[in-house]
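Results of the structural survey
Okay, here's what each chain looks like letter by letter:
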Amino acid sequence: MAVSPDLSGVQRHLIKPVYRYHQYQADTNDCGPTSVAIAVNALLDQQALRGPVVAEEMSRVAFEWRPLPHLVVQRIPNWATFPWGIVRYVRKQGFRARWRPFGTLERLEQNLRRDRLTMVMTGEPWRWERGHYTGWAHIKILFGWLPGRGFLFVDPGFPRSEKVNRLEHHGLFWQDQQTFLRQWRNLLRIFIEVEGGSLGT
């Protein structure tokens, strides 16, 4: 594997080499836990977490004392991961995290400028084909943006390419802006911000 990808043509991107910690979720619905593993490993700058292990841990119902004692369902095993589950798990690793709906392009660009890791939830949740439900949702980490080309993601949904001269070799995958915005809007433009210090505003 080449040491680093050529990002000279990407107008805005994270400084943190999050792509170094790309993991492939393979034939599972573990995009959320795998994205968590990638993000935490990038912040730690070491291979500490593995997606399957995180998925198993997040599948357990958790208990919180504050503000009142309550159970927390972080994810439905082998199906869906909830944003509050991601936030809870990341905080347990010692990092700041929060989730919000109704994100904006301005916020995504601001986070890239601030080198703040951002996970986004996208999908086609209302899709039906020939009377069968074929809806889906996906979680991935925003890495860069190039107007006219689209957004660049560290995406656990794809394996690395064997072609060393391609960004995909480094776990980076493009999605055109129109498709991304539509699929993000379908999931209420939910985003999760993660970083080591105070999140600020």
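Below is a summary of the structure that appears in this document.

What counts, and at which threshold
- Residues numbered from 1 in each chain as written.
- Predicted model: local features only at pLDDT ≥ 70, side-chain atom pairs only at ≥ 80, totals over all residues.
- Heavy atoms only, no water.
- Helix = DSSP H or I, 4+ residues; strand = E, 2+ residues; numbered from the N terminus.
- Rg over C-alpha atoms; globule rule 2.2 N^0.38 Å.
- Buried < 20%, exposed > 50% of the residue type's maximum accessible area, 1.4 Å probe, protein only.
- Contact = heavy atoms within 4.5 Å.
- Expected span 1.5 Å × (residues − 1).
- Salt bridge = Lys/Arg side-chain N within 4 Å of Asp/Glu carboxyl O.
- Phe/Tyr/Trp six-rings, centres within 6.5 Å; stacked < 30°, edge-to-face > 60°.
- Lys NZ or Arg CZ within 6 Å of the ring centre and 35° of its normal.

Time to look at the overall build of the protein chain. Helix and strand content of the protein chain: five helices and 13 strands. Radius of gyration (C-alpha) of the protein chain: 16 Å, near the 17 Å computed for a compact globule of 201 residues. Dimensions of the protein chain, computed from the C-alpha atoms along their principal axes, are close to 50 × 50 × 30 Å. Scored against the burial criterion, the 201 residues of the protein chain give a buried share of 48%. Long-range pairs, those at least 24 residues apart, make up 61% of the contacts in the protein chain between residues at least 6 apart in sequence.

For helix H1 (residues 31-44), which comprises 14 residues, the first-to-last C-alpha distance of 20 Å matches the rise-based estimate of 20 Å (1.5 Å per residue) to within 8%. For H1, the tally of buried residues reaches 13 of 14 residues, placing the bulk of the element in the interior. Two residues or fewer past H1, Asp 45 is found with a positive phi of approximately 60°.

Another aspect to go through is the pattern of salt bridges. If you walk through the whole model with that rule in mind, you get ten salt bridges. Notably, a salt bridge pairs Glu 109 with Arg 12, separated by 3.8 Å at the nearest N-O pair. Here Glu 109 is found in helix H4 (residues 105-113), whereas its partner Arg 12 is found in strand S1 (residues 12-13), with 97 residues between them in sequence. The partly exposed category is assigned to Arg 12, whose relative accessible area is 26%. In this structure, the salt-bridge partner of Arg 75 is Asp 30, at a minimum N-O distance of 2.9 Å.

One pass over the full model with this rule turns up ten aromatic pairs. Centroid distance Phe 151 to Phe 153: 6.4 Å. Interplanar angle 35°. Geometry classified as tilted. As far as the burial class goes, Phe 151 and Phe 153 line up, both buried. Through a chain of ring-to-ring contacts, three or more aromatic side chains come together here, namely Trp 145, Phe 151, Phe 153, Phe 180 and Trp 184. Just above the ring of Phe 153 sits the side chain of Lys 140; from NZ or CZ to the centre is 4.2 Å.

Read these as spatial facts, not as claims about activity.
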